[in-house]
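# Descriptive structure summary
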Amino acid sequence: MNQFISDMKKYQKYTIYAAKSELKSEVANSHLSWLWWILDPLLFMIVYSFVAVIVFQKSEPYLPVFIFIGYNSWNFFSACLRQSVKLVAANKPIVSKVYIPKFILIFIKIFSNGFKMLIAFSIVVVMMIGYRVPVDWKVLLMLPLFAVLLVVTFAFSSVLLHFGVYVEDLANVVTVVLKLLFYLTGIFYSIQKRVPYPYSSLLLKCNPMALLVDSMRRVLIYQTMPDWAPVLAWLAIGIVLSVVGVHNIYRHENSYVKVM
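Attention here is on the structure that accompanies the text. Numbering of residues begins from 1 in every chain and follows the order in which that chain's sequence is written. The predicted nature of this model means local features are confined to residues of pLDDT at least 70 and side-chain atom pairs, given and counted, to a pLDDT of 80 or more, with totals for whole chains, interfaces and linings taken over all residues. Side-chain metrics in this entry use all non-hydrogen atoms of the structure; hydrogen atoms and water are not considered.

### Points about the overall build of the protein
Helix and strand definitions follow DSSP, with helices as H or I runs of at least four residues and strands as E runs of at least two, each counted in order from the N terminus. Scanning the protein from N- to C-terminus turns up 13 helices and zero strands. N-terminal to C-terminal, the α/β element order of the protein is α-α-α-α-α-α-α-α-α-α-α-α-α. When accessible area is computed with a 1.4 Å probe and restricted to protein chains, residues below 20% of their type maximum are described as buried, those above 50% as exposed, and intermediate ones as partly exposed. Every one of the 260 residues in the protein was classed for burial, and the buried ones make up 49%. We call two residues contacting when some pair of their heavy atoms lies within 4.5 Å. Summarising the internal contacts of the protein: among those between residues at least 6 apart in sequence, 81% fall at separations of at least 24. Roughly 13,600 Å² of accessible area belongs to the protein as shown, and the carbon and sulfur atoms make up 68% of that amount. Positive: Lys, Arg. Negative: Asp, Glu. His and the chain ends are not part of the count. The atom standing in for a charge is NZ when the residue is Lys, CZ when it is Arg, CG when it is Asp and CD when it is Glu. Charge centroids of the protein, computed over 23 positive and 11 negative side chains, lie 3 Å from each other. For accessible areas, the Shrake-Rupley method is used with a probe of radius 1.4 Å. Any residue's cover is judged against the shown protein chains and nothing else.

### So, the nonpolar core
Side chains that are nonpolar tend, in soluble globular proteins, to be buried together. By size, the foremost hydrophobic cluster in this structure holds 75 residues, and its most contacted members are Phe103, Phe121 and Leu149. The element that contributes the greatest number of residues to this core is helix 7 (residues 103–130), accounting for 14 residues. Those residues within four positions of Phe103 in sequence are excluded, and the remaining contacts are Phe4, Asp7, Met8, Phe154, Val246, Ile249 and Tyr250. Only buried Ala, Val, Leu, Ile, Met, Phe, Trp, Tyr and Cys residues count toward a nonpolar core, and they belong to the same one when joined by side-chain atoms within 4.5 Å.

### Quick word on a nonpolar patch on the surface
Taken together, Met1, Ile5, Ile239 and Val243 make up a surface patch of nonpolar side chains, about 380 Å² in accessible area. One can find Met1 in the segment before helix 1 (2–10). Classification of Met1 by relative accessible area gives exposed; the value is 64%. Nonpolar side chains (Val, Leu, Ile, Met, Phe, Trp, Tyr) are joined into patches within 5 Å and like charges within 9 Å, using only residues with over 30% relative accessible area and no salt bridge. Whenever a carboxyl oxygen of Asp or Glu lies within 4 Å of a side-chain nitrogen of Lys or Arg, that contact is scored as a salt bridge.

### Description of the side chain of Asn248
Along the chain, Asn248 falls in helix 13 (residues 228–259). If we skip the residues at most four places from it in the chain, Asn248 touches His162 and Tyr256.

### With respect to the packing of aromatic side chains
We describe a pair of aromatic rings using the distance from one ring centre to the other and the angle between the two ring planes. For this analysis, a ring pair means two rings from Phe, Tyr or Trp (six-membered ring only for Trp) whose centres lie within 6.5 Å, classed as stacked if their planes differ by under 30 degrees, edge-to-face if by over 60, and tilted for the remaining angles. The final tally for this structure, using the stated rule, is 13 aromatic pairs. Centroid distance Phe103 to Tyr250: 5.7 Å. Interplanar angle 75°. Geometry classified as edge-to-face. Within this pair, whereas Phe103 is found in helix 7, its partner Tyr250 is found in helix 13, the two being separated by 147 residues in sequence. Relative accessible area serves as the criterion here: at 0%, Phe103 is assigned to the buried category. Residue Tyr250 is classed as buried on the basis of its relative accessible area, which comes to 19%. Taken together, a centroid distance of 5.9 Å and an interplanar angle of 75° make the contact between Phe188 and Tyr189 edge-to-face. For the pair Phe188 and Tyr189, one class covers both residues: buried. These aromatic residues form a ring-pair network of at least three members: Trp74, Phe77, Phe156, Phe182, Tyr183 and Trp234. Any Lys NZ or Arg CZ found within 6 Å of a ring centre and within 35 degrees of that ring's normal is scored as a charge over the ring. Directly above the ring of Phe66 sits Arg217, whose terminal nitrogen or CZ lies 3.6 Å from the centroid.

### A word on the pattern of salt bridges
Enumeration according to the criterion identifies four salt bridges in this entry. Among the ionic pairs, Lys109 bridges to Glu22, the shortest N-O distance being 3.2 Å. With Lys109 in helix 7 and Glu22 in helix 2 (residues 12–26), this residue pair connects regions lying 87 residues apart in the sequence. In this structure, the salt-bridge partner of Glu168 is Lys86, at a minimum N-O distance of 3.6 Å. Pair noted here: Glu168 is in the loop between helix 8 (142–166) and helix 9 (170–183) and Lys86 is in the loop between helix 4 (63–85) and helix 5 (87–90), with a separation of 82 residues, a long-range link. Using a relative accessible area of 60% as the deciding quantity, one classes Glu168 as exposed.

### So, unusual backbone geometry
Residue Pro198 follows Tyr197 across a cis peptide bond; omega there is 10°. One non-glycine residue, Arg132, lies in positive phi territory at about 55°. Note on placement: Arg132 falls in the loop between helix 7 and helix 8. The exposed category is assigned to Arg132, whose relative accessible area is 72%. Residue Gln223 is not a glycine yet carries a positive backbone phi of 55°. For Gln223, the position within the fold is in the loop between helix 12 (208–222) and helix 13.

Right under this line is the structure:
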């Protein structure tokens, strides 16, 4: 743990610089530049709203805001996990010449994807004002919920980074699993309302993203408290998985280059 904290401080400037460089290169050849970070979730929100209302003839209060919250959170989580599988191989020119703790590569992705998520969430604020969504002090609970999302994302990413070096087809497996989880996360529908009990309760407790998305909607749209017991349980699971993942990375990172 001491080495982990020491390396985080040592490579803090590099992490921020690398994340900024990645964001700049991502929009370097685009005419709309960073506007794509807003247009992408906005267009998906429109599509999912159409599917929910027109195709399934189901709706939720403040549906565009409802969907936007879910999609933005999910997009951050899934992007980090998909990228983490091939993270070492994608950075082979760097890791093969200069030593850098490999979990720093995860932080770079979390910073870059997190920045895009925060920009997209700024649109949520505008939409809440436009739709006149009632707001109270519970919106402040988004901060601890974001913290849990970061911990859980880092936890799974650290495990996937390690095994992604050794298992060639892991990226394909992760893609399929994430597609399945997407529909089980309730991006454009309410799990509590659309899934019968006790399956809805089981789904919310077993799927961390479904739980966090539901919790964020509670504090932003419905002004109710999240179910803190499973949220704190996933925080604990995330911390344990993070410790295991970082330990495996430290233990085996010298062999990563040989395997690639």
